[in-house]
Amino acid sequence: MMNPTKIHVEELNLHYGQKQALKEVILDMPEREITALIGPSGCGKSTFLRSLNRLNDLIDSVRITGRVEIDGDNIYDKNYDVVSLRKKVGMVFQKPNPFPKTIYENVAYGPRIHGIRSRQVLDTIVERSLREAALWDEVMDDLNRSALRLSGGQQQRLCIARVLAVEPEVVLMDEPTSALDPIATQKIEDLLKTLKEKFTIVIVTHNMQQAARVSDITAFFLHGEIIEVGETGTLFTRPGDQRTEDYITGKFG
């Protein structure tokens, strides 16, 4: 039984100048489930991910048409508040990017921007977020240490904690484990399964095995279009389109 739709995308087109990067994308992403976006490099999956929190707006030559609805509201409506959108929809990038501050200050950064000043409240948020990111036990005695001294895997979990600190509803992840070793990767994959109890997660991954392990729904992108979308187990074992089968069996990509 599928959870209700959290994000509904309708006929989304995106152009960079003359180049069309997304073509008529239609996709529903269920609440508190993990949707994986797979496909070869340059197929539009990261561009699509960034359109879910309007990060592409920052690029000069971009033109976007279509609808992206979160909880029924079109985030491309001219009256939609982008600041509240970025609080509701957090983003974790490919390479860990902690601020050159302490572990504590990294996590407290977002809540401070949103006006929280009380040390007691910040302490609570920092602990909760680090626990949710499965990092608290490793850093609880070292919160004043520089985040840059953490390992790559710890830095990525810190970046996840930083996103969770502002209590988003949706977490976007752009190849969050591609810079990590297998042990750190497994920790993040285990973490994703816990996080989806509270958050709607959309993850771009190059790693087909990872998509198969962690996601509930998989969408296969090719040349800016969605070729096929379905329940992950079905899409990987009984794909309905020959191009999907060719991609997941390694004939191209």
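This is a predicted model, so every value here is computed, not measured.

K.L.:
Where do I start with the packing of helix H3 (residues 103–113) against helix H6 (residues 152–164) in this structure?
P.N.:
For any two helices packed against each other, the geometry is given by the interaxial angle and the distance between the axes. Here H3 crosses H6 at 30 degrees, and the two axes come no closer than 7 Å. One finds that H3 runs roughly parallel with respect to H6. Here H3 and H6 pass one another in a crossing that is right-handed. Here Ile103, Asn106 and Val107 of H3 come into contact with H6, specifically with Leu158, Ala161 and Arg162. Here the contact of H3 with H6 is composed, by residue class, of 4 nonpolar, 1 polar and 1 charged.

K.L.:
Quick question: what am I supposed to make of the side chain of asparagine 56 here?
P.N.:
Summarising the element assignment, asparagine 56 is placed in the loop between helix H1 (45–51) and strand S4 (62–70). Judged by its relative accessible area of 0%, asparagine 56 is buried. At 2.9 Å, the side chain of asparagine 56 forms a polar contact with the backbone oxygen of threonine 47. Discounting residues that sit within four places of it in the chain, asparagine 56 has contacts with Leu14, Tyr16, Thr47, Arg50, Ser51, Val62 and Ile64.

K.L.:
Even after reading the chapter, I still don't get the sheet that holds strand S7 (residues 170–174), so can you show me in this structure?
P.N.:
Sheets are built from strands that pair by backbone hydrogen bonding, the pairs being arranged parallel or antiparallel. Pairing is mixed across the open sheet formed by 6 strands, whose spatial order is S6-S7-S8-S3-S9-S10. At either margin of the open sheet sits one strand with a lone partner, and together these are strand S6 (89–92) and strand S10 (225–231). Each strand of the sheet is rotated relative to its neighbour by a mean of 15 degrees, with strand direction disregarded. Note that S6 and S7 share 4 bridges and pair parallel. Across the sheet, residue methionine 91 finds its bridge partner in S7, namely leucine 172. Each of S6 and S7 is contacted by H6, which is oriented at about 170 degrees to S6, the strand it contacts most.

K.L.:
Before we go on, may I ask you to explain the sheet that holds strand S5 (residues 73–74) in this structure?
P.N.:
One open sheet accounts for 4 strands, arranged S2-S1-S4-S5; its pairing is antiparallel. Either end of the sheet is taken by a strand with one partner, and the two such strands are strand S2 (19–30) and S5. Strand direction decides the pairing type here: strand S1 (residues 5–16) and S2, joined by 8 bridges, are antiparallel. When the bridges of S2 are listed, leucine 14 appears paired with leucine 22.

K.L.:
Is there a simple way to explain the packing of aromatic side chains in this structure?
P.N.:
Centre-to-centre distance and the angle between the planes together describe a pair of aromatic rings. Scanning all chains against the criterion turns up 4 aromatic pairs. Each ring, one from tyrosine 247 and one from phenylalanine 252, has its centre 5.5 Å from the other, and the planes form 55 degrees; the classification is tilted. Over the aromatic face of tyrosine 104 sits the side chain of arginine 119, whose NZ or CZ is 4.1 Å from the ring centroid.

Conventions we followed
- Residues numbered from 1 in each chain as written.
- Predicted model: local features only at pLDDT ≥ 70, side-chain atom pairs only at ≥ 80, totals over all residues.
- Heavy atoms only, no water.
- Axes fitted to C-alpha atoms, helices over the stretch in contact; angles between N-to-C directions.
- Helix = DSSP H or I, 4+ residues; strand = E, 2+ residues; numbered from the N terminus.
- Parallel < 35°, antiparallel > 145°, perpendicular 65-115°, else oblique.
- Left-handed = near helix turned anticlockwise from the far one by under 90°.
- Contact = heavy atoms within 4.5 Å.
- Nonpolar A, V, L, I, M, F, W, Y, C, P; charged D, E, K, R; others polar.
- Buried < 20%, exposed > 50% of the residue type's maximum accessible area, 1.4 Å probe, protein only.
- Polar contact = N/O pair within 3.5 Å; in protein donor to acceptor, adjacent residues only side chain to side chain.
- Pairing = 2+ DSSP bridges.
- Phe/Tyr/Trp six-rings, centres within 6.5 Å; stacked < 30°, edge-to-face > 60°.
- Lys NZ or Arg CZ within 6 Å of the ring centre and 35° of its normal.

By themselves, these observations are geometric and do not establish any function.
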